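A look at the structure
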Protein chains: 2
Amino acid sequence: MQREKIIAVVGLGLIGGSLAAALRGFEDYTVVGVVRRQETADYAVSHEVCDRVTLDPMEVLPEADVVWLCMNPQGIVDYMARYRDVFRAGALVTDVGGIKTAIMEGAGVLPETVDFIGCHPMAGTEFSGIEHSFPTMFQRAHFILTPRPSSTPEHIALMRRVSAYIGCSDVVTTTPERHDAIIAYTSQLMHIIAVSVCDDEELFQCRGFEGGSFRDCTRVAALDVDLWTQLFSMNAPALTREIDRLVQNLSAYRDAIAGGDVQALSDKLTWSANRKRQMNLPGPGQIML
Amino acid sequence: MQREKIIAVVGLGLIGGSLAAALRGFEDYTVVGVVRRQETADYAVSHEVCDRVTLDPMEVLPEADVVWLCMNPQGIVDYMARYRDVFRAGALVTDVGGIKTAIMEGAGVLPETVDFIGCHPMAGTEFSGIEHSFPTMFQRAHFILTPRPSSTPEHIALMRRVSAYIGCSDVVTTTPERHDAIIAYTSQLMHIIAVSVCDDEELFQCRGFEGGSFRDCTRVAALDVDLWTQLFSMNAPALTREIDRLVQNLSAYRDAIAGGDVQALSDKLTWSANRKRQMNLPGPGQIML
């Protein structure tokens, strides 16, 4: 009889719960959720989030072919240190963290017999917890990988098949340093913008005057504070650089508007709007302004 | 035989086309589109955007009970000046402009026999043109009115019925000055953010790393340059004030992140996230980060 092949998803929150549900039926793997709280286990069972669920990591980690760590960045680093000697020889450990340098450094504690590939599926919502998870979360999302030089081609190929199975649009392979530098702009800065907009003293006086652009821009402001405190702190130099650059670009618009030269403002807007059109991002086609 | 009651929608672009289509069947009114280009007229006829369409304003303006001006702000002001003596006595002239002070001032040219109520339905998309119009555009949008002191209760009541008919969530009545001050924050600033983010020198290097927050925040950057040049220019003092306030709030986050005090950053994020939750805007529930 063939040995059961196992993907252990550790942490069934918003991302882990969605990932486990999306992974179900992947090749001949059994998807086992590893959780800390009984109520999360109960929810996972009643909603069929995974094939099995356990509260005891020792029950599944020694058998798992893939261990997918779906906690906060610091939680991921701590977990690898704590269970470094428990992972199966030849196993692949991977994660979902929104920063990669600190996590890849943390993965240095793993024994040589355990492979590690950093992973960041660019998906999520502004909510948290398994009750907000859904299996289609990763559809059309980028699937970013930061392998180690020693990562095996078999494990990289496995992650590519997973990416396709859960519906991601493409696999982007990069270094942890480049990931963190770019993500400071494409993700972290968007969250800093959202909270900064909501810090405006007149926020609550503006009810009744907001349209789609306001809802979209501030959507992610109701963020998971513990998670984002870690993400921002662990990427502080890159993020502060990005905020500085945004402030410069905002100030240039401020000066163009205050200056009163309508043609100059029109030229500037033409330039920016063309950049956006050239970027041509896929996305919801028609949402309210 | 009873006289035909007419709502003339002048300008069948993204907003005018959507409005005309949404208005069809409203009480016993006939919706007549007034356009400048034959191809817009052809599109309106073939897609049944309105009940009738004409290229000649003189054919419909003298008979119209309501004239709804759906052009750029300067176009609205110019149109009122040009056709001031053509509007029917007792008619209501209204508009859809995203700024109200300049338009209300422009309405000063109308004879006393013509009523004017400023209107700004808080809806739209980042596209333009009748081919992107759709009748459900106004569903769940705020419907903002800036009546004149002399506006008749009958006309205000009519606008309220229209608002309900086209699916708006509520009617917000305010002064043009307050409208423009708040809209500088809730709408114009969101567009300045979007273009400023796209001005980042590394925009094109970031393909493959963007998620929902980036798509949402930059969605409106591909804007209608002529329209937004006018909107920004005609509201420059309020808008520059808002940009300054945002830069202050961004800088406070920048300092909190650069300072390295994780607890202080966490406290600050908690404060902002709670403001957002308290704001509790309706909107799409689950979109990708």
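Small disclaimer: the values here were computed from a predicted structure and weren't measured.

As for the overall build of chain A
When its secondary structure is counted, chain A shows 11 helices and 8 strands. With respect to the principal axes defined by its C-alpha atoms, chain A has extents near 80 × 40 × 30 Å. Burial analysis of chain A (289 residues in total) assigns 58% to the buried set. For chain A, the proportion of contacts with a sequence separation of at least 24, taken over those separated by at least 6, is 70%. Distance from the positive charge centre (25 side chains) to the negative charge centre (36 side chains) of chain A: 5 Å.

What to know about the interface of chain B and chain A
With 97 residues of chain B at the interface, the matching set in chain A holds 96 residues. Surface buried jointly by chain B and chain A totals about 9800 Å² across both partners, of which 65% is contributed by carbon and sulfur atoms. Remark: the boundary between chain B and chain A carries 10 salt bridges. Across the salt bridge formed by A:Arg254 and B:Asp244, the nearest N and O atoms sit 2.6 Å from each other.

A closer look at helix 10 (residues 236-259) of chain A
Helix length check: helix 10 of chain A (24 residues) gives 34 Å between terminal C-alpha atoms against 34 Å at 1.5 Å per residue, within 8%. Following helix 10 of chain A by one or two positions, A:Gly260 adopts a phi angle in the positive range, close to 80 degrees.

Focus on the sheet that holds strand 2 (residues 29-34) of chain B
Residues and elements named next belong to chain B. The mixed open sheet is built from 8 strands, whose spatial order is 3-2-1-4-5-6-7-8. On the outer flanks of this sheet lie strand 3 (52-54) and strand 8 (170-173), each paired with one strand and no other. Within this sheet the neighbouring strands show an average axis-to-axis angle of 25 degrees, counted without direction. Here 4 bridges tie strand 7 (residues 142-147) to strand 8, and the two strands are oriented parallel to one another. Note on strand 8: the bridge partner recorded for His142 is Asp170. With respect to the sheet, helix 4 (residues 73-83) is in contact with strand 1 (5-10), strand 2, strand 4 (66-69), strand 5 (92-95) and strand 6 (115-121), its orientation differing from that of strand 4 by roughly 145 degrees.

What about empty space enclosed by the protein?
Summed over all chains, the structure comprises 1 cavity of 30 Å³ or more. The volume enclosed by the largest cavity comes to roughly 40 Å³. Around the largest cavity sit A:Ser213, A:Asp216, A:Cys217, B:Met190, B:Asp216, B:Cys217, B:Arg219 and B:Val220, which together line it. Broken down by secondary-structure element, the contributors of at least two residues to the lining of the largest cavity are helix 8 (212-218) of chain A together with helix 8 (212-218) of chain B. For the lining of the largest cavity, the leading source of residues is helix 8 of chain A, giving 3 residues.

Some remarks on the side chain of B:Ser163
Residue and element names in this part refer to chain B. Considering the arrangement of structural elements, one finds Ser163 in helix 6 (residues 153-165). Accessibility expressed as a relative area gives 2% for Ser163, which makes it buried. If we ignore the near neighbours within four places in the chain, the residues touching Ser163 are Phe143, Cys168, Asp170 and Val171.

Let's talk about unusual backbone geometry
Residue and element names in this part refer to chain A. Notably, Glu27 is not glycine yet its phi reads approximately 45 degrees, a positive angle. Its place among the elements puts Glu27 in the loop between helix 1 (14-23) and strand 2 (29-34). One non-glycine residue with positive phi stands out, namely Glu48, at about 50 degrees. Secondary-structure assignment places Glu48 in the loop between helix 2 (38-46) and strand 3 (52-54). The exposure class assigned to Glu48 is exposed, which follows from its relative accessible area of 55%.

Topic: the packing of helix 7 (residues 176-198) of chain B against helix 9 (residues 225-233) of chain B
All names here are of chain B. The geometry of helix 7 relative to helix 9 is characterised by a closest axis approach of 11 Å and an angle of 120 degrees between their N-to-C directions. One element, helix 7, and the other, helix 9, form an angle in the oblique class. The hand of the helix 7/helix 9 crossing is left-handed. Between helix 7 and helix 9, the residues in contact are Ser187, Gln188, His191 and Ile192 and Trp228, Leu231 and Phe232, respectively.

Let's talk about the nonpolar core
Taken as a class, soluble globular proteins show a tendency for nonpolar side chains to be buried jointly. Core analysis: the largest hydrophobic core is formed by 80 residues, its most contacted members being A:Ile193 and B:Ile193. Every residue in contact with B:Ile193, bar those within four places of it in the chain, is listed here: A:Ile193, A:Val197, A:Cys217, A:Leu250, B:Cys217 and B:Leu246.

As for the pattern of salt bridges
Using the criterion set out here, one finds 34 salt bridges over all chains in the structure. One salt bridge in this structure joins A:Arg161 and A:Glu27, with 2.4 Å as the shortest N-O distance. With a gap of 134 residues between them, A:Arg161 in helix 6 (residues 153-165) and A:Glu27 in the loop between helix 1 and strand 2 connect regions that are remote in the sequence. With a relative accessible area of 39%, A:Glu27 lands in the partly exposed category. B:Arg88 serves as the salt-bridge partner of B:Asp65, at 3.5 Å between the closest nitrogen and oxygen. Of this pair, B:Asp65 sits in the loop between helix 3 (57-60) and strand 4 while B:Arg88 sits in the loop between helix 4 and strand 5; the two residues are 23 residues apart in sequence, bridging distant segments of the chain. Salt bridges sharing common partners tie together A:Asp200, A:Glu202, B:Glu242 and B:Arg245.

Regarding the environment of A:Val96
All names here are of chain A. Along the chain, the position of Val96 falls in the loop between strand 5 (92-95) and helix 5 (101-106). Judged by its relative accessible area of 10%, Val96 falls in the buried class. Sequence separation between Val96 and Glu131 is 35 residues; the distance between their C-alpha atoms is 18 Å. With residues up to four places along the chain from it excluded, the contact list for Val96 reads Ile15, Leu19, Trp68, Leu69, Cys70, Cys119, His120 and Pro121.

Quick notes on the packing of helix 10 of chain A against helix 11 (residues 262-279) of chain A
Pairs of packed helices are described in terms of their axes, by the angle between the two and the distance that separates them. Residue and element names in this part refer to chain A. Where helix 10 meets helix 11, the axes come as close as 9 Å, and the angle between the chain directions of the two elements is 150 degrees. Relative to helix 11, the element helix 10 is oriented roughly antiparallel. Listed contacts from helix 11 to Ala252, Tyr253, Ala256 and Ile257 of helix 10 are Leu265, Lys268, Leu269 and Ser272. Taken together, the residues of the contact of helix 10 with helix 11 break down into 6 nonpolar, 1 polar and 1 charged.

Describing the relation of the copies chain B and chain A
Mapping chain B onto chain A leaves a residual RMSD of 0.0 Å; the transformation is a rotation of 180 degrees accompanied by 0.0 Å of translation along its axis. The transformation relating the two chain copies, once decomposed into turn and shift, fits a two-fold axis. A high fraction, 99%, of the interface residues of chain B reappear at the interface in chain A, so the copies pair face to face through one surface.

Some details on the sheet that holds strand 5 of chain A
Residues and elements named next belong to chain A. The strand order across the open sheet built from 8 strands is 3-2-1-4-5-6-7-8, with neighbouring strands paired in mixed fashion. In this open sheet, the two strands that pair with only one neighbour each are strand 3 and strand 8 (170-173). The mean inter-strand angle of the sheet, taken between neighbouring strand axes irrespective of direction, is 25 degrees. The pairing of strand 4 (residues 66-69) with strand 5 spans 4 bridges and is parallel. When the sheet's bridge partners are listed, Val67 is paired in strand 5 with Val93. Contacting strand 1 (5-10), strand 2 and strand 4, helix 1 runs over the sheet at an angle of about 160 degrees to strand 1.

Parameters and conventions
- Residues numbered from 1 in each chain as written.
- Chains lettered and ligands numbered in written order.
- Predicted model: local features only at pLDDT ≥ 70, side-chain atom pairs only at ≥ 80, totals over all residues.
- Heavy atoms only, no water.
- Helix = DSSP H or I, 4+ residues; strand = E, 2+ residues; numbered from the N terminus.
- Buried < 20%, exposed > 50% of the residue type's maximum accessible area, 1.4 Å probe, protein only.
- Contact = heavy atoms within 4.5 Å.
- Lys, Arg positive; Asp, Glu negative; His and termini not counted.
- Charge placed at Lys NZ, Arg CZ, Asp CG, Glu CD.
- Buried area = accessible area lost by both parts, 1.4 Å probe.
- Salt bridge = Lys/Arg side-chain N within 4 Å of Asp/Glu carboxyl O.
- Expected span 1.5 Å × (residues − 1).
- Pairing = 2+ DSSP bridges.
- Axes fitted to C-alpha atoms, helices over the stretch in contact; angles between N-to-C directions.
- 1 Å grid on protein atoms, 1.4 Å probe; cavity = no way out; pocket = protein on both sides within 12 Å on 5 of 7 lines; lining within 4 Å.
- Points joined across faces, edges and corners; volume = space filled by probe spheres on them.
- Parallel < 35°, antiparallel > 145°, perpendicular 65-115°, else oblique.
- Left-handed = near helix turned anticlockwise from the far one by under 90°.
- Core = buried A, V, L, I, M, F, W, Y, C linked by side-chain atoms within 4.5 Å.
- Nonpolar A, V, L, I, M, F, W, Y, C, P; charged D, E, K, R; others polar.
- Least-squares fit on C-alpha atoms with pLDDT ≥ 70 in both.

Any link to function would need more than the numbers given here.
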